[in-house]
Amino acid sequence: MTKLIGITPSRRSLLKGMAATASALALPGFVQAQSSAPIKLGFQLHRTGIGAAYGRWYERTTQAALKVLNDQGGINGRPVEVVFEDDGTDPKRGAEVVEKLASQAGCDAIFGPLFSHVVIGSAPRAGELKVPYLVCSEGYHVASGKLNRWTMQPGITDVRAQVSSMAPWVANNLGKKVTMVFPDYAFGHDHRDFFTAAIAAQGGEVIKHIAVPPTETSFTRYLPQIPRDTEVLYHVMVGPAVLTFVKELGEFYGSGARPEIFGFIDSLEAVDTAAPGLEFLEGTHFWEGHCRVKQADASEHETFYRAAVGVDDNGASVSDAKDVSTYAHMFSTWETLFLIKAGMEAAGYQGSADRQKLIEALEAMTELPESQAHPQGSKIFNGKLHQVFGRQNISKVEGGKLVRVHQTTIDETMYESDVDYTAMSF
Amino acid sequence: MDFGPYLLLALMEGTVMAAVLALTAVGLSLVFGVMRVVNVAHGEFFMLGAVVAWFVTHYMPGPPALAFAAALVICPLVVGGIAALSDTLILKRLNYDPEATIVATIGLSYIFQQAALTFYGPDARPVEAPFNLRLQLPWFGYSGYKIAVVLAAMLLLLAVWLLMTRTRAGLIMRATQLDRNTARAFGINVDKVYAGVFALGAGLAAVAAVLIVPIQQAHYLMGHDPLLLSFIVVIIGGLGSLRGTLLAAVIIGLSDGVISVFFSPTLAKILATLLVAMVLVFRPQGLFGAKP
Amino acid sequence: MTRAIALHLAVLALLFAAQFILPPYHHTNIARIMVLAVFAMGYNIAFGYTGLLSLGHALFFATGLYATGLGIELWGLPAAPALVLGLLAGGAIAAATGVLALRTGGVSFMIVTLMFAQAGYLTILYFGSYTRGDEGFVIARAARSLGPLDLSSDTPRYFAALILFALGLLANLALVRSRLGRAMVAMRENEERSRMLGYNPFKVKLTALVISGLYAGAAGAAYGVLFGYVGASFAAIQYSIMPLLYVLLGGAGTTLGPFLGALLMFYLIDLSSGVTTAHLFVVGAALLVLVLFAPKGILGWLRDRGAKWLP
């Protein structure tokens, strides 16, 4: 209890009597006495910058989850507060925000970032401050073993698991000769490497890789590079120009013959699939982390989640049908918040001195059954990898709406790895 | 795809790109030509044009074509007004000192971005084209609207050229460009000319944005790319030369498509950027400008 | 003269003492600010003293950052030689840029440096298999130590940042008082006259730019080792504008201006986030206000009003 976080002993004595935020950290007795005081969680939010479209929905989802959580009695009977701080989708500011949330606001844990460069830029600081840092990013950075004991991704499956689990279905139902179009940077390269390997394991082949520079705003001139014998066109694009890409793809193929198209919904997050110019998407397939359009067999938890966040059956805001959510990703913030609750309650969490216990409690988790806390579906957490695994959906556009045609098992998403964060020191 | 159709597509895309480049760059070129001011906020004027176009088409009832026509009128007026205001309130007070102006327009561009983020939001939103026509060639389909953009760009550039060479306003602008003190001595209100030119440059960026936004989407960070591209075009063409700007746009637009067929597109961009720097270093008057 | 030295030593003593009383959040902030101030000092040597307004200093900073980061991660260098590599790389890229860019002046110089920096940014993306592109990479914690000093823990990190800052500041002060420093100012004030007085403007400006690059490279190298992350975002245009902003705010052509500007700007953004989410507006408005009402910055303003001894 007397262990002080992020402050060297020599200065500790001098800190007493300092600003309230510092003293809340520095004086363990204070924390004990305030055991009914709120638990503070920090949210590293992409409010501005390139990730802002996601950030807006991540914030809404988290606010909704927070309300449900507090209505149910909070964590260990204590109310929960979430402090949102903008990181500008910038890694430098991201690290500063981790610092601010942990040291100044006195948050017990930090969660929420999506963009990989922010995660990788901030994780070292979270490790040094010894504050749990739970990311909602789908990147392969955590499971790659390059980050640290304090960083984990318990709310969303990583990209390696996503693409590997879907390759069999793609190979067996759409075709074996694949052309991939992806952004020419790290996130796209993960898609390229893992999907190429996974499709080869199915007896298929990626016949052409088309890497598009991330600064590109027009794509038509890349499209003739798609070989004519392509059976499946695989696309994943992110950023503000994604809609242009999808539209130009439609113009390019027009009414002529075209290969099967399999895309990552990242290409269309926050975009209405019924927007003018997207008619050609009819009959194409998408990966979805969480089905945007409410499916016929939606669980009660899914229905509850959708209503709580304020999303209609088409995946748009209930107050504005044109305001489409980032449905395939944002569930991760909801699930992460409820996992923090589960972890803190399992650890008997009292205050910031128990942060290590929280990490250990999370690492000990394995099966996370479908529930109100996990509306996307059941998951399995791998404590060694610090990474969660869950079912992935493949949807087909029918009548302008995404209808699920396949769901992978959790087992299909798992891969061999010798990464073991639990062997690392705190 | 076979080489013939491939080349055809590359040429068509190149032509569209050339039109887009010429449209976005002409305003920058004009402002630099007359005022000797490098306007770093030019890309943000472009962005504001696209964002205002979204508002106009979104809230205007009636058929999309009508709303689009309204946007073509309203956007340049709004953006031009903002530019005139910026000129009077800020640039004039800096006495158009080149370095101070650059810093000030950097500041303005941050403010415009924030305004768009606050009032418009972080999403990329589509603006519907005034008509939906797709040309279906035997090998590939192509957007009819893109062809219309090329035609509109030609008309617009022709109009700018007529304005500069055939009207009294153009004469005054050229006089101011040549020597602002003499112009003042002849009773020209230089302050007014500068505000007008700055507004005209921004208005042209806004018109370009309205024409282009159905091909792309309106987004608050979309101004960065047009700015860099405009810089490239204006520099290669020779700072302040309208004819050079047009020529450079055609050359860059057409070659860009072809280069990225043979090289990695990222490498092509690196080479293009370095080429621009080298042109400035070794031929500061641009590839098509005469020695001063 | 001695007043100036006393002031600088007092600032350094204050920063040394500050680490014992600052709450943890501000403790790390000041360490960051000191490193960024070194970057800004380098910028000031080119812009404030020599009159070279560059829009490409992110290239020099990022070169230092990547030379050090890749040196550690790819070639397994210990931190000390990697830091030296970063410093030298910053100077070398500045020399290469300067040889070409200094053939131009004024607006062209800005655009040439901007274009070089953009090419550098794209190059980092292009060699993504080594640099991990925009995503960047983490420098392993074990590699972040100088001898017994673990630079990933707070006290040694602050100490290292302070040493770097002190060296940079004192070298800056010495430079300003040297013959070369006076030649630099002569370039800014009147290049033609200084040519007639027998200076070689190209040589003086190139030297200033290389020194500037050494500062930026050192700052980038230190930022990587002290904070553990290397990424392409540091090569983007915002990081060329950042030191310009710091220098304009603190006072161009003053030795302490860059630090003051970095300190104020950092906290302006940090504190404003409690009031408004419009950071971009804060930055933009700061630039406008400065350029309109205080083109010489805070210390420049003070110098004009009596404190003529401020170096």
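Q: What's the story with the overall build of chain B in this structure? I'm lost.
A: Helix and strand content of chain B: 11 helices and two strands. Each helix and strand of chain B, ordered N terminal to C terminal, gives the series α-α-α-α-β-β-α-α-α-α-α-α-α. For 292 residues, the compact-globule estimate of 2.2 N^0.38 gives 19 Å, and chain B sits close to it at 19 Å. The burial tally for chain B puts 57% of its 292 residues in the buried class. Considering only contacts in chain B between residues 6 or more positions apart, those separated by 24 or more positions represent 75%. Each charge class in chain B was averaged separately, 16 positive and 12 negative side chains, and the resulting centres sit 11 Å apart.

Q: Please explain the packing of helix H9 (residues 224-237) of chain B against helix H11 (residues 265-282) of chain B as it appears in this structure.
A: Geometry of a packed helix pair, given as the angle between the helix axes and the separation of the axes. Residues and elements named next belong to chain B. At a closest axis distance of 10 Å, the pairing of H9 and H11 adopts a crossing angle of 35 degrees. Relative to H11, H9 is oriented so that their crossing is left-handed. Contacts from Ile232, Ile235 and Ile236 of H9 reach H11 at Val276, Val279 and Leu280.

Q: Got a minute to help me understand the interface of chain A and chain C in this structure?
A: In many analyses, interface size is given as the accessible surface area lost on bringing the parts together. Taken together, the 37 residues of chain A in the interface contact 37 residues of chain C. Surface buried jointly by chain A and chain C totals about 3,400 Å² across both partners, of which 56% is contributed by carbon and sulfur atoms. Linking chain A with chain C are six salt bridges, by the criterion used here. Counting across the chain A and chain C interface gives nine residue pairs in polar contact (both at pLDDT 80 or more). Of all the secondary structure elements, the ones that give two or more residues to the side of chain A that touches chain C are helix H1 (9-15), strand S2 (80-86), helix H5 (91-104), helix H6 (116-129) and helix H8 (186-201) of chain A. In terms of residues, the side of chain A that touches chain C owes the most to one element, H5(A), which gives nine residues. Partitioning the side of chain A that touches chain C into residue classes produces 14 nonpolar, nine polar and 14 charged.

Q: Looking at this structure, I do not really get the interface of chain B and chain C. What am I missing?
A: Across the contact, 36 residues belong to chain B and 37 residues belong to chain C. Summing both sides of the interface, chain B and chain C together bury roughly 3,300 Å²; the carbon and sulfur share of this comes to 85%. For the chain B face of the interface with chain C, the top three residues by lost area are Val103(B), Tyr110(B) and Gln114(B), together amounting to 18%. The interface formed by chain B and chain C holds zero salt bridges in total. Our count for the chain B to chain C interface comes out at one residue pair in polar contact (both at pLDDT 80 or more). The greatest single-element share of the side of chain B that touches chain C, amounting to 13 residues, is contributed by helix H4 (residues 98-119) of chain B. Of the residues assigned to the side of chain B that touches chain C, the class counts are 26 nonpolar, seven polar and three charged.

Q: Any chance you could explain the environment of Val419(A) here in plain terms?
A: Residues and elements named next belong to chain A. Relative to the assigned elements, Val419 resides in the segment after helix H13 (410-413). Residues Val419 and Met166, 253 residues apart in the sequence, show an inter-C-alpha distance of 23 Å. Excluding residues within four positions of it along the chain, Val419 makes contact with Ala143, Ser144, Gly145, Lys384 and Leu385.

Q: What's the story with the domain arrangement of chain A in this structure? I'm lost.
A: All names here are of chain A. What the domain assignment lists for chain A is domain 1 (35-157 + 330-389) and domain 2 (159-288 + 391-413). Computed from C-alpha atoms alone, the centre-to-centre distance between domain 1 and domain 2 is 29 Å. On the domain 2 side, the residues contacting the 11 residues of domain 1 number 16 residues. Note on domain 1 versus domain 2: buried area summed over both sides is about 1,300 Å², and carbon and sulfur give 54% of it. Sorting the residues of domain 1 by area buried against domain 2 places Glu138, Tyr140 and Thr157 first, and these three jointly supply 44% of that buried surface.

Q: So what exactly am I meant to see when it comes to the sheet that holds strand S14 (residues 379-382) of chain A here?
A: The strands making up a sheet are joined through hydrogen bonds of the backbone, oriented either antiparallel or parallel. The strand order S13-S14-S15 (chain A) describes an open sheet built from three strands, whose pairing is antiparallel. Strand pairing shows two members of the sheet lacking a second neighbour, strand S13 (367-368) and strand S15 (387-390) of chain A, which therefore form its edges.

Q: Looking at this structure, how should I read the sheet that holds strand S7 (residues 205-212) of chain A?
A: Residue and element names in this part refer to chain A. Taken together, seven strands build an open sheet; the order of strands is S7-S6-S8-S9-S10-S16-S17 and the sheet is mixed. Of all strands in the sheet, those with a lone pairing partner are S7 and strand S17 (401-407), marking the two edges. Taking the axes of each pair of neighbouring strands and ignoring which way they run, one obtains an average angle of 25 degrees across the sheet. Here four bridges tie strand S10 (residues 285-288) to strand S16 (residues 393-398), and the two strands are oriented antiparallel to one another. Directly across from His285, in S16, lies its bridge partner Lys396. Against the sheet, helix H7 (residues 159-173) engages strand S8 (232-235), strand S9 (260-264), S10, S16 and S17, with an angle of about 165 degrees to S9.

Q: Could you clarify how one ought to interpret the side chain of Gln19(C) in this entry?
A: Looking at the secondary structure, you find Gln19(C) in helix H1 (residues 2-21). For Gln19(C), a relative accessible area of 3% puts it in the buried group.

Q: Hey, could you run me through a nonpolar patch on the surface in this one?
A: Residue and element names in this part refer to chain C. Residues Phe16, Phe20, Ile21, Leu149, Phe159, Ile163 and Leu167 make up a contiguous nonpolar surface patch of roughly 640 Å² in combined accessible area. Secondary structure elements with two or more residues in the nonpolar patch: H1 and helix H7 (154-177). Relative to the assigned elements, Ile163 resides in helix H7.

Q: Hey, could you run me through the packing of H5(A) against H6(A) in this one?
A: Residue and element names in this part refer to chain A. For the pair H5 and H6, the least separation of the axes is 7 Å and the interaxial angle reads 35 degrees. In this structure, the crossing between H5 and H6 has a hand that is right-handed. For the pair H5 and H6, the contacting residues are Pro91, Gly94, Ala95, Val98, Glu99, Ala102 and Ser103 in the first and His117, Val118, Gly121, Ser122, Arg125, Ala126 and Leu129 in the second. A breakdown of the residues in the contact of H5 with H6 according to their chemical character gives seven nonpolar, five polar and two charged.

The rules behind the values
- Per chain, residue numbering runs from 1 following the sequence as it is written.
- Whichever chain is written first becomes A and whichever ligand is written first becomes 1, with later ones labelled in order.
- Local features in this predicted model are restricted to residues of pLDDT 70 or higher, and side-chain atom pairs are both shown and tallied only at a pLDDT of 80 or more, whereas totals for entire chains, interfaces and linings draw on every residue.
- Processing note: side-chain calculations cover all non-hydrogen atoms of the structure and skip hydrogens and water entirely.
- For helices the rule is a DSSP run of H or I covering at least 4 residues; for strands it is a run of E covering at least 2, with both sets numbered from the N terminus onward.
- The atom set for the radius of gyration is the C-alpha atoms, and the globule formula is 2.2 Å times the number of residues raised to the power 0.38.
- Only protein chains enter the accessibility calculation, which uses a 1.4 Å probe; a residue is then buried when its area is under 20% of its type maximum, exposed when over 50%, and partly exposed in between.
- In what follows, a contact means two residues having at least one pair of non-hydrogen atoms within 4.5 Å.
- Charge counting follows a simple rule: Lys and Arg are positive, Asp and Glu are negative, and His as well as the terminal groups are ignored.
- Charge positions come from single atoms, namely NZ of Lys, CZ of Arg, CG of Asp or CD of Glu.
- Axis lines are fitted through C-alpha atoms, for helices just across the contact stretch, and the angle between N-to-C directions can take any value from 0 to 180 degrees.
- Take the far helix as the reference: if the near one is turned anticlockwise from it by less than a right angle, the crossing is left-handed, and if turned clockwise, right-handed.
- Buried area is understood as the total, over both parts, of accessible area removed when two parts are fitted together, assessed with a 1.4 Å probe.
- One side-chain nitrogen of Lys or Arg within 4 Å of one carboxyl oxygen of Asp or Glu is enough to make a salt bridge.
- Each polar contact in these results corresponds to two N or O atoms within 3.5 Å; when the atoms are within protein, one needs to be able to donate a hydrogen and the other to accept it, and residues that are neighboring in sequence are counted only if both atoms are side-chain atoms.
- Polar here means any residue outside two lists: the nonpolar Ala, Val, Leu, Ile, Met, Phe, Trp, Tyr, Cys and Pro, and the charged Asp, Glu, Lys and Arg; Gly therefore counts as polar.
- An automatic or database domain assignment supplies the start and end points of every domain.
- We call two strands paired when DSSP finds no fewer than two bridges between them.
- Nonpolar side chains (Val, Leu, Ile, Met, Phe, Trp, Tyr) are joined into patches within 5 Å and like charges within 9 Å, using only residues with over 30% relative accessible area and no salt bridge.
- Working definition of accessibility: Shrake-Rupley area with a 1.4 Å probe, residue cover restricted to the visible protein chains.

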